[in-house]
Amino acid sequence: MLIKRSSDLKYSDVTPRDIYVNRRKFLYGMGLAGGLALAGKSLADLVNPSARAYASTKLTGLTGSPFSTTEKVTPEQVVTTYNNYYEFGTEKDQPAKNAQKFVTSPWTVSVEGEVAKPRKFTMEEILKLAPLEERIYRHRCVEAWSIVVPWVGYSFSTIAKLVEPNSNARYVAFESYFDRKQMPLWGRAGIELPYVEGLRIDEAMHPLTLLGMGMYGETLPNQDGAPVRMVIPWKYGFKSIKSIVKIKFVKDQPQTTWNITNAHEYGFYSNVNPKVDHPRWTQSKEVRLPGFFKNTPTQMFNGYGDQVASLYNGMDLKKNY
Ligand SMILES: Nc1nc2c(c(=O)[nH]1)N[C@H]1C(S)=C(S)[C@@H](COP(=O)(O)O)O[C@H]1N2
Ligand SMILES: [Mo]
């Protein structure tokens, strides 16, 4: 793979112009069709529209990324209304409705465990640790749908290096925010909460592994994991844990929510693998949203094999699913 240094890249080099053109069209369409949504907004809102039905803030000064795919970006409207966020309901349309009042400010993330310098980061600090990049990644859910999302963030390794993991740090454990009051459907989620996830340290430190603070040029909508989440593009979507409050460097392989729920169906690694079917359905094809047909071939490591296959040299990926 040809990798340009990010300092050599201009935003316009790597960001398909039509995303922005389409985005405007989408906004314009909203303006016409979404009269209700616009009612009650001031003239200032309309001149500089927030674009979304959901609270978010524009993120400026984004740099492009050589890791971005040139595939067609999925419409923002689809990505922000078709979600898995079980704390806010198990139906795809529920998180967009039920997470609207979720309070994500102030927010702190504790980074701790086998590190020399454990510390708590405020969201304001996290947003300033490194230049914010736009990275357009494919995202493949274990349920066999996929989307292409322009995330905003930077490599997870940026924050990890600041706390100086020691030689005992072999894995990283992540934990989502959990509050029964703000997440009244929690009891019907069918999973133990808080949601927890984990990565092996080399997976976590891989440059593709993103700490995500935004999408489509703005901060994350609540249903997509505000204010900060992981994005691991070569793994099934459930590894990409939302609304993170704790990151712990640990010695032993941590527990993960879907493995706790059903170890037979969901392993620790969960690398996208078209050759290993889910016990209840094929993983060889996927539905690219907003499409309807399961006719897009699924790629090994979701198409990121050139970058990540070597992490698994010598491992049986059927056993380590
Ligand atoms: N805390 C938490 N994180 C989560 C989930 C969840 O239910 N709770 N769902 C996961 C699954 S299955 C997927 S596919 C992605 C979906 O992210 P998106 O809604 O932004 O597309 O989030 C993942 N992270
Ligand atoms: Mo998923």
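Residues numbered from 1 in each chain as written. Chains lettered and ligands numbered in written order. Predicted model: local features only at pLDDT ≥ 70, side-chain atom pairs only at ≥ 80, totals over all residues. Heavy atoms only, no water.

Enquirer: Please provide a residue-by-residue account of the site of ligand 1, values included.
Expert: As a matter of local geometry, ligand 1 sits amid 18 residues, with Asn83, Tyr86, Asp224, Arg229 and Lys242 nearest to it. Measuring from a nitrogen atom of ligand 1, one finds a backbone N or O atom of Asn84 at 3.2 Å. Interatomic distance of 2.6 Å between a side-chain N/O atom of Asp224 and an oxygen atom of ligand 1. Here ligand 1 loses 98% of its free accessible area of 540 Å² to cover by the protein chains. The cavity where ligand 1 resides is the largest pocket. (Near = heavy atom within 4 Å. Polar contact = N/O pair within 3.5 Å; in protein donor to acceptor, adjacent residues only side chain to side chain. Areas by Shrake-Rupley, 256 points an atom, 1.4 Å probe, with all protein chains shown as cover. 1 Å grid on protein atoms, 1.4 Å probe; cavity = no way out; pocket = protein on both sides within 12 Å on 5 of 7 lines; lining within 4 Å. Sits in = over half its atoms within 2 Å of the grid points.)

Enquirer: Break down the sheet that holds strand S1 (residues 108–113) for me, citing the residues and quoting the values.
Expert: If you walk across this open sheet you meet the 5 strands as S2-S1-S10-S5-S6, and the pairing is mixed. The open sheet is flanked by strand S2 (119–122) and strand S6 (196–200), the only strands paired with a single partner. Strand-to-strand, the axes of this sheet are offset by a mean angle of 20 degrees, without reference to chain direction. With 5 bridges joining them, strand S5 (residues 171–176) and S6 adopt antiparallel strand pairing. For Tyr171, the partnering residue across the bridge sits in S6 and is Arg200. (Pairing = 2+ DSSP bridges. Helix = DSSP H or I, 4+ residues; strand = E, 2+ residues; numbered from the N terminus. Axes fitted to C-alpha atoms, helices over the stretch in contact; angles between N-to-C directions.)

Enquirer: A description of empty space enclosed by the protein should follow, citing residues and the corresponding values.
Expert: Where empty space is left becomes clear once a probe the size of a water molecule has been rolled over the atoms. Under the criterion given, the structure shown has 1 cavity of 30 Å³ or more. Within this model, the largest cavity holds a volume of roughly 40 Å³. Lining of the largest cavity is provided by Arg138, His139, Arg140, Trp151, Val231, Ile232, Pro233, Lys235, Gly237 and Ser240. The element that contributes the greatest number of residues to the lining of the largest cavity is strand S3 (residues 133–140), accounting for 3 residues. Within the lining of the largest cavity, the residues separate by chemical class into 4 nonpolar, 3 polar and 3 charged. (Points joined across faces, edges and corners; volume = space filled by probe spheres on them. Nonpolar A, V, L, I, M, F, W, Y, C, P; charged D, E, K, R; others polar.)

Enquirer: Can you explain the pattern of salt bridges? Please cite residues and give values.
Expert: Per the counting criterion, the structure on display carries 16 salt bridges. Residues Glu125 and Arg119 are paired through a salt bridge, measuring 3.9 Å at the closest nitrogen-oxygen approach. When its relative accessible area of 33% is taken as the criterion, Arg119 is described as partly exposed. Connected via shared salt-bridge partners are Glu71, Arg138, Arg140, Glu286 and Arg288. (Salt bridge = Lys/Arg side-chain N within 4 Å of Asp/Glu carboxyl O. Buried < 20%, exposed > 50% of the residue type's maximum accessible area, 1.4 Å probe, protein only.)

Enquirer: I'd love a proper account of the side chain of Arg229, names of residues and values included.
Expert: Along the chain, the position of Arg229 falls in strand S9 (residues 229–231). Polar contacts involving the side chain of Arg229 include one to the main-chain carbonyl oxygen of Ser240, which spans 3.3 Å. With residues up to four places along the chain from it excluded, the contact list for Arg229 reads His139, Trp151, Leu210, Leu211, Gly212, Leu220, Asp224, Ser240, Ile241, Lys242, Ser243 and Ile244. (Contact = heavy atoms within 4.5 Å.)

Enquirer: I'd like to hear about the pairing of strand S4 (residues 145–155), residue by residue, with values.
Expert: Within S4, 11 of the 11 residues are buried, leaving the element largely enclosed by the surrounding structure. Looking at chain direction, S3 and S4 are connected through 8 bridges and run antiparallel. Each bridged residue has a counterpart across the sheet, and for Arg140 the counterpart in S4 is Ser146. Connecting S3 to the next strand, S4, in antiparallel fashion are 4 residues, including Ala144 with a positive phi near 75 degrees. Examined bridge by bridge, S4 and strand S11 (residues 285–288) share 2 bridges and lie parallel to one another. Across the sheet, Ser146 pairs through a bridge with Arg288, a residue of S11. For S4 and strand S7 (residues 210–215), the ladder comprises 5 bridges, and the chain directions are antiparallel. Residue pairing in the sheet places Trp151 in a bridge with Met215 of S7.

Enquirer: Provide a residue-level description of the side chain of Ser56, including the pertinent values.
Expert: Mapped onto the fold, Ser56 is located in the loop between helix H4 (43–47) and helix H5 (76–79). Within the structure, the side chain of Ser56 is placed 2.4 Å from the side chain of Glu218, a separation counted as a polar contact. With near-sequence residues (within four places) excluded, Ser56 lies in contact with Glu218 and Thr219.

Enquirer: So what's going on with the packing of aromatic side chains? Which residues, and what values?
Expert: Under the definition given, this model contains 18 aromatic pairs. The interplanar angle of 90 degrees and the centroid separation of 5.1 Å between the aromatic rings of Tyr82 and Trp145 together place this pair among those described as edge-to-face. Note that Tyr82 is positioned in the loop between H5 and helix H6 (94–98) and Trp145 in strand S4, a separation of 63 residues in sequence. Residue class for Tyr82 comes out partly exposed when judged on its relative accessible area of 30%. Summarising the aromatic geometry, the rings of Phe238 and Tyr266 are spaced 5.5 Å apart at their centres and angled 80 degrees between planes, so their arrangement reads as edge-to-face. Of this pair, Phe238 sits in the loop between S9 and strand S10 (244–250) while Tyr266 sits in the loop between helix H10 (257–261) and S11, and the two are 28 residues apart along the sequence. A connected cluster of aromatic rings, assembled from ring pairs, spans Tyr85, Phe88, Phe102, Trp107 and Tyr177. (Phe/Tyr/Trp six-rings, centres within 6.5 Å; stacked < 30°, edge-to-face > 60°.)

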